[in-house]
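# Coordinate inspection notes
Here is how the chains run, residue by residue.
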Amino acid sequence: MFPPERIRNFCIIAHIDHGKSTLADRLMQLTGAVPAGSRPQYLDKLQVERERGITIKAQTASLVYRHADGHDYLLNLIDTPGHVDFSYEVSRSLAACQGALLLVDASQGVQAQTVANFYLAFEQELALLPLLNKTVANFYLAFEQELALLPLLNKVDLPSADPAAVAAQMAATFDVVPSDVLAVSAKTGLGLRELLPAVVERIPPPAGQPSQPLRLLLFDAFHDEYRGVVCLVAVVDGRLRAGDKLAAASSGSEYEALEVGILAPEPHPTGELLTGQVGYVIPGIKDVKAARVGDTWHLARQPVEPLPGFKPIKPMVFAGLYPASADDYEGLAAAIERLGLNDASVTVKKETSDALGAGFRCGFLGPLHLEVFLTRLQQEHSADVISTAPTVPYEVELAGDPQHQQQQQQQGKEKQRLVLESVAEYPRNQKVSAIYEPTVLATIIVPQQYCGAVMKLAVARRGTQLDYSFMGGSSSSSSSSSIDSAGNSSASAAAADEHAGSSSSSSTQDGVDVLSAAAEAADTGDSSSSSSSAGFLASDRVLLRYQLPLAELAGDFYSKLKSATQGYASFDYEEGPLRPADLTLLELLVNGKAVDALGRLVPTGDAVRLGRALTARMRTLLDRQQYEVVIQASAGGRIVARETMKALRKDVTAKCYGGDVSRKRKLLQKQKEGKKRLRQLGGLSVPAEVFPELLKP
Amino acid sequence: MACSQTASGFRCFTALRSRRGLTSVARAAAGPTAAYVHLPFCKRKCFYCDFPVEAVGLNTEKPRTQDRMQAYVDLVCAEVKATRSLTDAPLTTVSFGGGTPSLVPPQLLESILSALQQQFGIAAGAEVSIEADPGTFDLQRLLQYKALGVTRVSMGVQSFQEDLLKACGRSHSLADVYAAIEAVTATGLPSWSLDLISGLPGLSLQGWQHSLQQAVAAGPDHISVYDLQVEEGTPFARWFSGEGSPLPKEPEAVAMFEAASATLTAAGYEHYEISNYAKPGHRSKHNQVYWQCQPYYAFGLGAASYTRGRRFSRPRGMQEYEAWVKRFVQGGAGCPAAELPVESKEEQLLDVIMLSLRLSDGLALQQLQQQYGQETVAALLPTIQGFLQQGLMQVLPCDAEDVQQAGDAIVPGLSGSSGTVEVDADAAYMQLCDRLQRGKDVSVRLTDPAGFLLSNDVISELFAQLDSRTLSKAV
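Residues numbered from 1 in each chain as written. Chains lettered and ligands numbered in written order. Predicted model: local features only at pLDDT ≥ 70, side-chain atom pairs only at ≥ 80, totals over all residues. Heavy atoms only, no water.

## A few points about the overall build of chain A
Assigned secondary structure in chain A consists of 17 helices and 34 strands. Split into buried and exposed, the 697 residues of chain A put 58% on the buried side. Intrachain contacts of chain A at a sequence separation of at least 6 include 71% that bridge at least 24 residues. (Helix = DSSP H or I, 4+ residues; strand = E, 2+ residues; numbered from the N terminus. Buried < 20%, exposed > 50% of the residue type's maximum accessible area, 1.4 Å probe, protein only. Contact = heavy atoms within 4.5 Å.)

Have a look at this one:
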């Protein structure tokens, strides 16, 4: 077995498509963990992960490497989820590491995702590489003793690669010394021989105490059909043996460690895991929700100080999921349950809608999590599902009757607030005095020439600018302007504060001015603010931070951002505070009756426009019915739009088919299939297929 | 019996009772006594046509064309002779369809008829019908057909407007139409039918009324009114798919359907199927074989047969059909598509619902209950009740004597003119349920014209009530 000093626990921090999985594949091949030429993206086990090139579940691989000093080292590679919605899982994975490979595509440069995970690494007090020691004084220094970061430039074999410029950009963004940056190509294997020695030499071993009582960090868990829940754990202190009785610090529940082993990368039982090791334990439980990511486990009746950073799951986006065909409720219920076995972060409640019948209200970590969950329902469980428009947990403050209110104030109580998981819960018979909506703090990194377009988009989505700073590129100068970082505790805002005052950008303390100036520049095609047109790396990149309503992300924000920036923007966010919002309940009425599944809260100023768009779209999407249908939109109880659909009067096949009965039957069966997928919206039959269209924001 | 539709619906039901006494399953299991023969030749292909046809040009007397027809008829005869007879009973209906069967010379028709006679026998008094287009026959040819045993001609007039005949690519003129009517009348056949097409591009309601009046004036025993369907792959589909199409809009198309129903019913024709009207005693026997789910042989290019519980369509390409016949003859099995699965009971149920509801005789619910179980009918009833209330369906008493005994001679759902449709509908529905409970015959039909006009919507809605669970219980 390996003593702690011969163990290195590290992860790879990278933007989605910068080659993280390929690098992981290469490292496994180099150390013989998997044979050369084994299937690509070895650690990405889900179909949706391979298709979209993202990692959703953390995976680990234990690699054995013989170093030049003649000793074997156990290198535990922890492959982390690659998307913003899963940043909590990322943070828990990072907590099991002492070092990180910071991987940046040499032709694309630093992306917001990388910056965000980098900040997470700091928050985890993850040991980054000592090279930070030599950098200029700024807030990062506070962490320098504990953090080890190994910067890597990937895809340096590509003709479009610009290693020098990207290294300079990394230097500006992360305060790394350009000469410490390793240039590799995961695809060709270039530079990888130097990487493993660097991992051993530049990342410190885990610092746990073998003599202390057992303390485990549970950083992921998944469900195995045959063995129940499999927990991925890092042994912080002590040792874990098969047969140990364990207890969870969060709940006190006790389990038995039925099997203990390492992932190499396939599960390989070892009977025990020593201090500093990363591996798996099978606790003999069925429900993955019992294994809470971030929890600390210890030996039963030997409690220890829990590791910091544990958070209960908090759903940020809700959606109603309904079977596309009304008689398939049982099928959907089974599919959601099976998928939930492997995704503890989804919350599920039964829900009934007048329009859609029986279904489920599910909570997700974010918009992408919802999308991935739906994709997995369809791909892995063949579920035919309708999702209502995603909604966020708005908080609604009720005015209440004056007497009652007075009483409350006398008793020092706050006003009553409702948290809406569904717009159907919006109070209709009570006066609402205020609505608060969840926000996110978004980081957008974009070449400067697209800055105006991004600002326009952010304003259109009710964003408030917090920060606007140059990240540098070929130029070594970095300038920044912090406009408002109140309520923002993240590292980047702190970094921006450090730079405030040395600003050389055109910004003022008034964000609106910056914004309109940049927007004007974009409008007129004025590229004077852009230092060069030779390529994005040659021009400065700008880091923008916004407070945006979470609800605005649940729609088409990503695709709009992509098209506004020709794909050059990178985007990430973290949870922000609630803020008051001027919102109105927009409802769709069919023959005078509100359709519960289609109601939503919209900005009051947009209600009329959105109402008209919704009724018009409804009209074009729907087949006519056997009776006249009046479609109306109501905003805050007032009718703002109306469309009338005339009754269908003719649907007859009066053709001579001769004896070809089966052809005619097939046509009617096809029509029947459409009918079976109709959902009743206030007595109006709506094909399931058009639902996603109706529900678009 | 307030309205004439009711009276005629009644009469025709009793005429059909003997056949309906058999269950549809028993009918399908009995051997076929009907045969369809496809004769695909046309002078030219009409712009709306998606049937398997072979255009041979305006001069059909060319030796090459005559040779093609001879070769094809030989092929069909070979198929007939290779087909095993499944019953001792002789054919009671033979139908020649196309294409334009009247392009085929009488001696070729004779060779097919004698092949059928030899293989299956043709009953005395059998209905032998042939489709004939104006401009392809004269009195002499019709007399030759008659001498061969043809009893019924179905004439594809389509329109009494010269410009519309041109617009849809017909090969005949209006003068040909009048000449053809004269010839067919002079032939003195037991029955003849005149076919019209509504919904043609540029057709106005006024023009349609004119065609209807001319059709009535021609005095046929039977009139078919087809509604133009723009089928994929036809010239019409290419020309008329976009905006600004000259095809009649929905309100006009509805008015045309209503006008046909009103005009022809008033002229003494019974609207006995969505697209068919007949003077009493002149319904098409052959087509009723299809609509009542009885079995039938079929021969020729693209022809669909229903034998031994299997629905099978022959290849639609001439070369593929030729190759198929060769294999069929060599195989010697005598029953086409024996390898296909038998039509399931579930498919039979859907066929019965679909075909019955296209008829004025409607869907016999009591029989349906006997064959497919109470669950099946119970699953349909709430939807049927809705259609009764909407005036798209009505209840038919199924047995005249029984009705008189029970004293419920008037079924309220039928007297739609009373103005209290909903009350009537509820009473009719209660009566329907009551009769089902007592095991008495009772049928529902689509109303004419409102129900017929929405038949696809209504039938597919009924299909949708039969989920897989109900169906599996029914089977």
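Continuing now.
## Re the sheet that holds strand 12 (residues 259–263) of chain A
Residue and element names in this part refer to chain A. A sheet is described by the order of its strands in space; here eight strands give the open sequence 11-10-16-7-8-15-12-13, paired in antiparallel fashion. The open sheet has two free edges, formed respectively by strand 11 (254–256) and strand 13 (267–269), since each of these has just one partner strand. Neighbouring strand axes in the sheet, compared pairwise and without regard to direction, differ in orientation by 40° on average. (Pairing = 2+ DSSP bridges. Axes fitted to C-alpha atoms, helices over the stretch in contact; angles between N-to-C directions.)

## As for the pairing of strand 24 (residues 464–470) of chain A
All names here are of chain A. Counting buried residues in strand 24 gives six out of seven residues, a clear majority hidden from the surface. By the bridge criterion, six bridges tie strand 24 to strand 26 (residues 541–549) in an arrangement that is antiparallel. Residue pairing in the sheet places Thr464 in a bridge with Gln547 of strand 26.

## Some thoughts on the packing of aromatic side chains
By convention here, two paired aromatic rings are described through the distance between centres and the angle between planes. All names here are of chain B. Counting across every chain of the model gives 21 aromatic pairs over all chains. Each ring, one from Phe41 and one from Tyr72, has its centre 5.5 Å from the other, and the planes form 90°; the classification is edge-to-face. Here Tyr72 lies in helix 3 (residues 63–82) and Phe41 lies in strand 2 (residues 41–42), a separation of 31 residues in the sequence. Summarising the burial analysis for this pair, Phe41 and Tyr72 share the class buried. (Phe/Tyr/Trp six-rings, centres within 6.5 Å; stacked < 30°, edge-to-face > 60°.)

## Looking at the pattern of salt bridges
Counted by the stated rule, this structure contains 33 salt bridges over all chains. The salt bridge partner of Arg361 of chain A is Glu351 of chain A, with a shortest N-O separation of 2.6 Å. Here Arg361 of chain A, found in strand 19 (residues 357–364), pairs with Glu351 of chain A, found in strand 18 (residues 347–353); they are ten residues apart in sequence, far enough to count as distant. You'll find Arg361 of chain A and Glu351 of chain A in the same group, each marked buried. Salt-bridge contacts for Lys650 of chain A lead to Asp227 of chain B; the nearest nitrogen and oxygen are separated by 2.6 Å. One end of the pair, Lys650 of chain A, is in the loop between strand 32 (638–645) and helix 16 (661–676); the other, Asp227 of chain B, is in strand 8 (residues 222–227), on a second chain. We classify Asp227 of chain B as buried; its relative accessible area is 8%. (Salt bridge = Lys/Arg side-chain N within 4 Å of Asp/Glu carboxyl O.)

## Focus on the sheet that holds strand 20 (residues 385–387) of chain A
All names here are of chain A. The antiparallel open sheet is built from four strands, whose spatial order is 18-19-17-20. Both edges of this open sheet fall to strand 18 and strand 20, since each of them pairs with a single strand only. Going across the sheet, the axis of each strand differs from the next one's by a mean of 30°, ignoring polarity. Sheet topology note: the strand 18/strand 19 ladder contains seven bridges and is antiparallel. Residue pairing in the sheet places Glu351 in a bridge with Gly359 of strand 19. Relative to strand 17 (residues 317–323), helix 8 (residues 367–381) is tilted by about 20°, and along the sheet it contacts strand 17, strand 19 and strand 20.

## Digging into the environment of Pro235 of chain B
Along the polypeptide, Pro235 of chain B turns up in helix 9 (residues 235–239). Placed 188 residues apart in sequence, Pro235 of chain B and Phe47 of chain B show a C-alpha to C-alpha distance of 5.2 Å.

## Let's talk about the environment of Pro106 of chain B
All names here are of chain B. One can find Pro106 in helix 4 (residues 106–120). For Pro106, a relative accessible area of 10% corresponds to the buried category. Measuring from C-alpha to C-alpha, the distance between Pro106 and Leu148 comes to 8.1 Å, with 42 residues separating the pair along the chain. Excluding residues that lie within four positions of it along the chain, Pro106 makes contacts with Arg141, Gln144, Tyr145 and Leu148.

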